[in-house]
Amino acid sequence: MAWNTDGQKICIVYEDGAVIVGSVDGNRIWGKELKGQHLMGVEWSPDSCLLLFSLVNGEVHVYDNTGGFVSRLNIQCLGSMGLGAIVVGLSWYNGRNGYFEPDCPTLAICYDNGRMQIMRNESDDMPVLIDTGMSVCASQWNHNGSVMAVAGTLHLSGASEKDCNVVQFYTPFGEHLRTLKVPGKQITACSWEGGSLRIALAVDSFIYFANIRPDYRWCFFANTVVYTYTKPERSEACVTFWDTRNNEHFIKHIKYLMGMTSYGEHCVLAVRTDDGSGQFGLIICNAIGTPVDSKYIDIEPHYLAMTSNYVFAVSKENFYLWHFKTPKAHSSLELASIVKADRQERLYHIDDTPTGVSDVFREGEKLYEATNDPVCCLAASERILIIGRESGSLQRYTLPHVALIARYSLPCRPHRLSLNCNSSRLAIIDITGLLTFLELDTRSTDTGSEVMGSILKFERKDVWDMCWAQDNPELFAMMEKTRMYVFRNMDPEEPVASSGYLCSFQDLEIRAVLLDEVMREPESPTTDHLLTLEVKSLRDTRDLLEKVSVKDAAAFIDENPHPRLWRLLAEAALEKQDLKNAEAAFVRCKDYPGIQLVKRISNIQNETLRKAEVAAYFKDFDEAEKLYLEVDRRDIAISLRRKLGDWFRVVQLLKSGSSGDDVQMEEALNNIGHYYADRHKWDDAVKQFESAHNHEMLSKCYYQLEDFEALESLVRSLPDNSPLLPSIAAMFTSVGMSQQAVDAYMKCNCVKSAIDTCVALNQWHEAVELAKQHNVTEISALLARYASHLLEKGDRLQAIELYRKADKQLDAAKLLYQIAEEEGKKKARPLRVKKLYLLAAQLVQEHNSRMKTTLKDTSGSRSAALMGLYDDGPALPTELQGGSTQTSMLDNPWKGAEAYHFLLLAQRQLYEGYVDAAMKTCLHLREYEGLLDAEDIYALLALASCANRAFATCSRAFIKLEALTEISPEKREAYEDLAMTIFMKYSPKDSRSNRAECTNCETMIPDWVSICPSCNTRFATCIVTGRPIMDVTAVWTCSACKHSALEQDMTMRAHCPLCHAVIVSH
């Protein structure tokens, strides 16, 4: 029977082919009879959509969750041995606790003959195939699908050997992890505990429990534990960097993490790239998980080792070494000859025998070819690299020049290797948990011969972890079952009950981490999961120092010398004021600061001061301060607290005594203020900084509190040209307080900064005023910059207003001419276009008047204009500079306004029936062809002249219309048809022609001619009627736009018809 993933359904199968699926409350959901099938087992798919049935003939059939047949599983592991094989294990990991790796095989089918295959899904045609080499009775996944346990009987060769019960452990990818031998006659079943820390085994009539020590991916360096775990909802591995000193942790997410190791201040992470290149990455990280160096490699890094300068990565057939760089290494002086560029990374085949010189054995594909004896572990130090192979052989290489110098043979496959601190001895844990040691140095045997690489007569079983001492090559700790042993010269001390994973062994202290506990709640590790264990000699020394004299304890330490013990003795002697023994002990542990301390104390005559110095050394600062105050040395107490950074206590001591001065008090208050500021307690910080008269920090606190009134008061209280004023002004600028910022800048004579602030806050009027007051010459550039900004946003009217405020009438007029031209092309509102041209003309006229006044006021000197105060250079961007049309407008600014004025006048006259006046106005419009559309001018002229029966003028207008190139052929044909219609009926002659006398040459000319053909005299045009003014005796001229009209036409008007200026008197 089998429950589905969520535990809501159960499937029960019978040997005769009956299948029943029921719910958790006992109700039957469906049942089915599989005729002709003899069933052996059942398993649900993780999504509960499929059912797998194992048959007595070894086949596995797939059905859907309603009982419909889907397919047969492709069984590849049996090969030619498939006859008679029975399925004894059918288990499909449901993914509830995350996956070992993305796309990890999870469906395991195991047969009684020892063959097994692990599939990614029911249709996987490339399963992992395993031959366990034993008779299997059961198999089962652990809680997170990372380990498959296979239980059975191993048949040993030889008549004297009897079969033994074993449990083999495999990864989902078929890699063999460990072998567990089990006592008893016949093993029949196995089952994991919920957290996979124990496994239960049914042997004969007993149940055995075996503790499991998971091979977590973890490492320890620089007080940091790095460990990895998976979440069900994420495909990436969560790599946690846990700072055990500060109890802080930093998390990185890595999709394909393969392994990690550490040394010194860094660790290395091995990852598989997911870009499809098939490469792998090595990432050097610091204690908070920040990458400091990385390298891409082509071999799969199954095993890693690391030293201070090198990373070693090993695949099944290759080993690779990489000389990595860290920030510390870059900052230190390195000789270029130590590491050449071409020697920074090297790749070797495990079957080659390098000699340390530049020898090349294999190249190309041969470098990666498979070996018959794959690599299974490695260890490295600064001098030696040891690589273990599955056959039990070890290969020893020298470093940094890689040369194979020795091979050793072991009776069993090694699982883990570890070198002691001076590389003289190698610890080996094999796959059965047996710990042995290999002597690497040359030593003499009993027969007198010298041998290198002999195995010591030392064995410990069931060992799962070991750690060498970093400061003693004869000292190591090991974990055996649930006990920790410490060995000195191969002699064990009393064991300590512990299940911790060993982190480090230094100064006679062993640090361990309870990873089993950490992994239960990996997101919130606590210091309770850390263990610090002391070796026996350290515990005994502590007891001796409490019970016997310093001299007797020294004799004991002499027999068991270690710097940590001498330091312990020195501290005990110092506490008892035994300065002679204390100095001797400090000398033995090479503690130079301790020696200096003893000498300083020996020069102090006062007994109380001596005690105070000792108390300070032991970090009992309250006691030290109390002793200093007892002998009236408040100054030393204050100095002590200053060194500790206890500024609150410094203030109390300064206030309670007469010693100290204002400088010390201000220093203390400033530091207290910084203490509050660092914690964003700005109100408390203000009080301290006010008392310390620290204006700089006060300004920052006021700014954080948004107390701008206090900041203004601070500006008023500061002296002129204070270096703090610009930074306060910048604070005002950042919150848009323009006036306050300008006041602060002006107080320190930073006129340019004040103007820049006005520009940044769009206070252009104030910027211009400041520039004028202080003769700043760069204002044109500022205006151009802001105008460009406005024009980029399309705010042309705002830009015009800006130019007007800045007395840049010419640039404003250019923009207005540009807008007027665009509006004129739309032919929508001619009155609006006239107003635009009118405003532009008034601005040009205002500019010209101001320039005349300026030059007159400077009494002929043009220095002001040359200085740029009234610089009328091109403030507009180049792309917005006007073309020839605008240039001519500036020469004759009223021409655009005149054109649209007369266009409107002609229309009005025509609609009111004054056809003769309309025709004459239209004849005058011909002078504005560059501003008005020629088609509009001549169409209006043709209409007015036809209505006035001046068909000659009408004919000339039609000729012009038909000759226009920009009109369409259809419109040209329409004009031709209309002209033909008119002139078929009327001859092209004017019906009447009024004449007038030229006032200059007295020649009779048509009354609509604006230039006399005889003397070329130009007549002004009346802005009321549109006719030329030939009688100059009765002319009215506008005082604003300087345009004329006949006085008789202006008698009833109060405004100028063109510029609409008020007429004061006629």
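Residues numbered from 1 in each chain as written. Predicted model: local features only at pLDDT ≥ 70, side-chain atom pairs only at ≥ 80, totals over all residues. Heavy atoms only, no water.

The name an unreviewed UniProt entry assigns to the protein chain is WD repeat-containing protein 55 homolog, from the organism Cherax quadricarinatus. In UniProt, the protein chain has this text filed under Subcellular location (unreviewed entry): "Cytoplasm, Cytoskeleton, Cilium basal body". (UniProt positions renumbered as here; feature names shortened; annotations may be inferred.)

(A) Focus on the overall build of the protein chain. Looking only at helices and strands, the protein chain has 31 helices and 51 strands in total. Along the longest, intermediate and shortest principal axes, the C-alpha atoms of the protein chain span 150 × 105 × 70 Å. Looking at the protein chain as a whole, 48% of its 1066 residues qualify as buried. Here the contacts in the protein chain between residues at least 6 apart in sequence split such that 43% fall between residues at least 24 apart. Of the roughly 53300 Å² of accessible surface on the protein chain, a fraction of 49% belongs to carbon and sulfur atoms. Taking the average place of the 113 positive charges on the side chains of the protein chain and the average place of its 142 negative ones, the gap between the two points comes to 3 Å. (Helix = DSSP H or I, 4+ residues; strand = E, 2+ residues; numbered from the N terminus. Buried < 20%, exposed > 50% of the residue type's maximum accessible area, 1.4 Å probe, protein only. Contact = heavy atoms within 4.5 Å. Areas by Shrake-Rupley, 256 points an atom, 1.4 Å probe, with all protein chains shown as cover. Lys, Arg positive; Asp, Glu negative; His and termini not counted. Charge placed at Lys NZ, Arg CZ, Asp CG, Glu CD.)

(B) Here's a closer look at the side chain of Arg217. Locating Arg217 in the fold gives a position in the loop between β19 (206–211) and β20 (218–221). A distance of 2.7 Å separates the side chain of Arg217 from the backbone oxygen of Leu257, its partner in a polar contact. Beyond its immediate chain neighbours, meaning those up to four positions away, Arg217 contacts Phe100, Glu101, Val226, Tyr227, Thr228, Leu257, Met258 and Met260. (Polar contact = N/O pair within 3.5 Å; in protein donor to acceptor, adjacent residues only side chain to side chain.)

(C) Expanded view of the sheet that holds strand β16 (residues 176–182). Across the sheet, which stays open at both edges, the 4 strands sit in the order β13-β14-β15-β16 with antiparallel pairing between neighbours. Whereas interior strands pair on both sides, the edge strands pair on one side only; in this sheet they are β13 (135–141) and β16. Each neighbouring strand pair of the sheet contributes to a mean axis angle of 20°, computed without reference to strand direction. (Pairing = 2+ DSSP bridges. Axes fitted to C-alpha atoms, helices over the stretch in contact; angles between N-to-C directions.)

(D) Up close: the pattern of salt bridges. Summed over the entire model, instances satisfying the criterion amount to 37 salt bridges. The shortest N-O distance in the salt bridge between Arg460 and Glu480 comes to 3.0 Å. A residue pair is termed long-range when its members are at least 10 positions apart, and Arg460 in the loop between β39 (450–455) and β40 (463–468) and Glu480 in strand β41 (residues 475–480) qualify at 20 residues. There is no split in this pair, since Arg460 and Glu480 are both buried. Where Lys481 meets Asp462, a salt bridge forms, and the shortest distance between an N and an O atom there is 3.6 Å. Taken together, the residues span a long stretch of sequence, with Lys481 in the loop between β41 and β42 (483–488) and Asp462 in the loop between β39 and β40 at a distance of 19 residues. We classify Lys481 as partly exposed; its relative accessible area is 45%. (Salt bridge = Lys/Arg side-chain N within 4 Å of Asp/Glu carboxyl O.)

(E) The arrangement of the sheet that holds strand β47 (residues 530–534) in detail. The antiparallel open sheet is built from 3 strands, whose spatial order is β45-β46-β47. At either margin of the open sheet sits one strand with a lone partner, and together these are β45 (501–506) and β47. On average, adjacent strands in this sheet sit at an angle of 20° to one another, irrespective of strand direction. Relative to β47, strand β46 (residues 509–513) runs antiparallel, the two sharing 5 bridges. From the neighbouring strand, Ala512 faces β47, where its bridge partner is Leu531.

(F) Expanded view of helix α29 (residues 951–963). Spanning 13 residues, α29 covers 18 Å between terminal C-alpha atoms, matching the ideal 18 Å at 1.5 Å per step. Within the span of α29, buried status applies to Phe951, Ala952, Thr953, Cys954, Ser955, Ala957, Phe958 and Leu961. Looking at the buried positions of α29, the neighbouring elements they touch are α27 (915–925), α28 (934–947) and α30 (969–985). (Expected span 1.5 Å × (residues − 1).)

(G) Geometry of the packing of helix α8 (residues 607–617) against helix α9 (residues 621–630). At a closest axis distance of 8 Å, the pairing of α8 and α9 adopts a crossing angle of 160°. For the element pair α8 / α9, the angle class is roughly antiparallel. Our pair here, α8 against α9, has a crossing hand that is left-handed. Taken together, the residues of α9 that come into contact with α8 (itself represented by Thr608, Leu609, Lys611, Ala612, Glu613, Ala615 and Ala616) are Phe621, Glu623, Ala624, Leu627, Tyr628 and Glu630. Taken together, the residues that form the contact of α8 with α9 break down as 8 nonpolar, 1 polar and 4 charged. (Parallel < 35°, antiparallel > 145°, perpendicular 65-115°, else oblique. Left-handed = near helix turned anticlockwise from the far one by under 90°. Nonpolar A, V, L, I, M, F, W, Y, C, P; charged D, E, K, R; others polar.)

(H) Structural detail: a negative patch on the surface. A cluster of acidic side chains, namely Glu970, Glu973, Glu976 and Asp977, defines a negative patch on the protein surface. Mapped onto the fold, Asp977 is located in helix α30. A residue is classified by how much of its surface remains accessible, and Asp977, at 45% relative accessible area, is partly exposed. (Patch = residues over 30% accessible without salt bridge, like charges linked within 9 Å, V, L, I, M, F, W, Y side chains within 5 Å.)

(I) Quick look at the packing of aromatic side chains. Per the counting criterion, the structure on display carries 33 aromatic pairs. Ring centres 6.3 Å apart and planes at 90° place the aromatic pair Phe458 and Phe476 in the edge-to-face group. Residue Phe458 is found in the loop between β39 and β40, and its partner Phe476 is found in strand β41; the two are separated by 18 residues along the sequence. The two residues Phe458 and Phe476 agree in class, both being buried. Of the aromatic side chains, those joined through ring pairs into one cluster are Phe437, Phe458, Trp468, Phe476, Tyr485 and Phe487. In this structure, Arg213 packs its charged tip against the face of Trp464, placed 4.8 Å from the ring centre. Here the basic side chain of Arg460 rests over the ring of Tyr485, its NZ or CZ set 4.6 Å away from the ring centre. (Phe/Tyr/Trp six-rings, centres within 6.5 Å; stacked < 30°, edge-to-face > 60°. Lys NZ or Arg CZ within 6 Å of the ring centre and 35° of its normal.)

(J) Structural view of the packing of helix α11 (residues 647–656) against helix α12 (residues 662–678). Viewed as axis vectors pointing N to C, α11 and α12 meet at an angle of 150°, and their least axial separation amounts to 9 Å. By the angle between their directions, the pair α11 and α12 is classed as roughly antiparallel. Relative to α12, α11 is oriented so that their crossing is left-handed. Two secondary-structure elements touch here, α11 through Trp647, Phe648, Val650, Val651, Leu654 and Lys655 and α12 through Gln664, Met665, Glu667, Ala668, Leu669, Asn671, Ile672, Tyr675 and Tyr676.

(K) Here's a closer look at helix α4 (residues 550–559). Taken together, the buried positions of α4 are Val550, Ala553, Ala554 and Ile557. Along the axis of α4, the buried residues cluster in a sector spanning 105°; they form a single face. Seen from the open side of α4, the exposed residues pointing more than 90 degrees away from its buried face are Lys551 and Glu559. Check the buried side of α4 and you find it contacts α3 (536–547), α5 (563–575) and α6 (579–588). (Arc of directions from axis to C-beta.)

(L) Quick peek at the pairing of strand β32 (residues 375–380). Burial analysis of β32 places 5 of its 6 residues in the buried class, which makes it a mostly covered element. The antiparallel pairing of β32 with strand β33 (residues 384–389) creates a hairpin that spans 3 residues between the two strands.

(M) Region of the structure containing the confidence of the model for the protein chain. Put simply, the protein chain has an average pLDDT of 85, and 90% of its residues get 70 or more. In the model, residues 860–880 has pLDDT below 50 throughout and makes 31 contacts with residues more than four positions away in sequence or in other chains. (pLDDT = per-residue confidence, 0-100.)

(N) Inspection of the environment of Arg972 at higher detail. Looking at where Arg972 falls in the secondary structure, it is placed in helix α30. Classification of Arg972 as partly exposed rests on a relative accessible area of 21%. C-alpha separation for the pair Arg972 and Arg641, spaced 331 residues apart in sequence, amounts to 102 Å. Residues within four places of Arg972 in sequence aside, it is in contact with Glu962, Leu964, Thr965 and Ile967. Here Glu962 takes part through its backbone oxygen, which lies 3.0 Å from a polar atom of the side chain of Arg972.

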